[in-house]
Structures are given as C-alpha cells and as structure tokens.
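# Summary of the model geometry
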Amino acid sequence: MRHETEITLTVNGRDYEVRVEPRRTLADTLRDECGLTGTNSGCEHGICGSCTVLADGDPVRACLMFAVQAQGKQIRTVEGLADGDRLHPLQQAFIDHHGLQCGFCTPGFLMLAAGVLEREPGISDADLREALSSNLCRCTGYQNILKAVRAAAAQMRAGNRG
Ligand code: FES
Ligand code: FES
C-alpha cells in the first residue's frame, strides 16, 4: 500500500500543495507534481548536477533530496530565474557565449552559477572553476560555460541582476 503524505513546497515564491510518498525525490516532485519540468534528471544519483536547484540559496542536487526534506525551504528553479520576459544575466550570457549545445545540463549550470554568484559576487576565477566543476556537460567542453558565467558575474557585479 502506498503511504503518501501531504506537504507544501515553496518554489519560486509560490506554494505547491502536493501528496508524495516519503521516498519521492525533490527532482521528481518538481517535475511531476509541480509541473516544473525545467529541472532535468540525468544520472539520478548525485553525479551530473543536471537537477541542481537552490534551497535557501544553496545549490543542491534535487535527486538527492527528498521532497519532504524541502518543506519550509525556499526552493528556486530555472523557471524562476527570468523576470517576466527579461532574461537573467546568466541566461543571456549562456546565449551570447554559446554556453550550451543540447541544453540538458543548462538548467543545472544556471542554478549552480546563480547560487555561487549570489553568495560570492567577487569569487576568484579559480574558485569559480572549482565550483562549476561539480556539474557535468557532455557537449560544450566547459570553456563557453565558463565564459558565460564570467560575463554574467561582471553584469551582476555592475548591478544588473536580471
Ligand atoms: Fe541529480 Fe544527476 S540527476 S545529480
Ligand atoms: Fe549538452 Fe551540456 S550542453 S550536456
């Protein structure tokens, strides 16, 4: 017999009341119960980072967090990055610097970079490379992702936060 529990998730500032089994991951819940399919599931065991979202500002692997653990946290996903029609500087920079090819890894990289840059706007290049190394991309060779994030960091430091 399925044991489901009712929880409220706060995602991009909006509350979602959902019924989930306690073992249901945040990634699956965001996609299937909240209809927020921008968060991708790749490896589903914490390796690739394609499911990265922000939880109270910290980048987390949504495939490693149970939805029930996300209650009470402010969750942010790629759907919340743009301000209406206005792209976030990171999104614009990924377009301008060709930071994606197939795009599967992109939501995870965007949320990872958003969390890192919001916490540490003046992050050193070495530390930025280290932070971004936690996510995998099978297409780009990483150089254009780095270029895009560096460009967005400069924009965000200049006060354009999207
Ligand atoms: Fe979560 Fe790969 S799907 S880390
Ligand atoms: Fe294809 Fe990164 S753009 S995996």
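Above this text you will find the structure in question.
## Here we look at the packing of aromatic side chains
What characterises a pair of aromatic rings is the spacing of the ring centres plus the angle enclosed by the ring planes. The final tally for this structure, using the stated rule, is 1 aromatic pair. A ring pair is formed by phenylalanine 109 and tyrosine 142, whose centres lie 6.5 Å apart and whose planes are at 65 degrees; its orientation type is edge-to-face. With phenylalanine 109 in helix α3 (residues 106-119) and tyrosine 142 in the loop between α4 (125-132) and α5 (143-157), this pair connects stretches of sequence that are 33 residues apart. Tyrosine 142 sits in the partly exposed class, given a relative accessible area of 31%.

## As for the pattern of salt bridges
Under the counting rule described, the total for this entry stands at 9 salt bridges. The residue arginine 24 makes a salt bridge to aspartate 28 at a minimum N-O spacing of 3.9 Å. Of the residues examined, arginine 24 reaches a relative accessible area of 25% and is grouped as partly exposed. Aspartate 28 gets classed as partly exposed once you look at its relative accessible area, which sits at 22%. Two residues, arginine 24 and glutamate 33, come together in a salt bridge whose shortest N-O distance is 3.3 Å.

## Some thoughts on the pairing of strand β4 (residues 58-61)
The pairing of strand β3 (residues 52-55) with β4 spans 4 bridges and is classified as antiparallel. Its bridge partner lying in β4, valine 53 is registered against valine 60.

## Structural notes on the sheet that holds strand β1 (residues 5-11)
An order of β2-β1-β5-β3-β4 is seen for the 5 strands of this open sheet, with the pairing classed as mixed. Looking at strand neighbours, the two that pair on one side only are β2 (14-20) and β4, the edges of this open sheet. The mean angle between the axes of side-by-side strands here comes to 40 degrees, regardless of whether they run parallel or antiparallel. The sheet contact formed by β3 and strand β5 (residues 74-76) spans 2 bridges and is antiparallel. In the sheet register, leucine 54 faces β5, and the bridge partner there is arginine 76.

Basis of the calculations
- Residues numbered from 1 in each chain as written.
- Chains lettered and ligands numbered in written order.
- Predicted model: local features only at pLDDT ≥ 70, side-chain atom pairs only at ≥ 80, totals over all residues.
- Heavy atoms only, no water.
- Phe/Tyr/Trp six-rings, centres within 6.5 Å; stacked < 30°, edge-to-face > 60°.
- Helix = DSSP H or I, 4+ residues; strand = E, 2+ residues; numbered from the N terminus.
- Buried < 20%, exposed > 50% of the residue type's maximum accessible area, 1.4 Å probe, protein only.
- Salt bridge = Lys/Arg side-chain N within 4 Å of Asp/Glu carboxyl O.
- Pairing = 2+ DSSP bridges.
- Axes fitted to C-alpha atoms, helices over the stretch in contact; angles between N-to-C directions.

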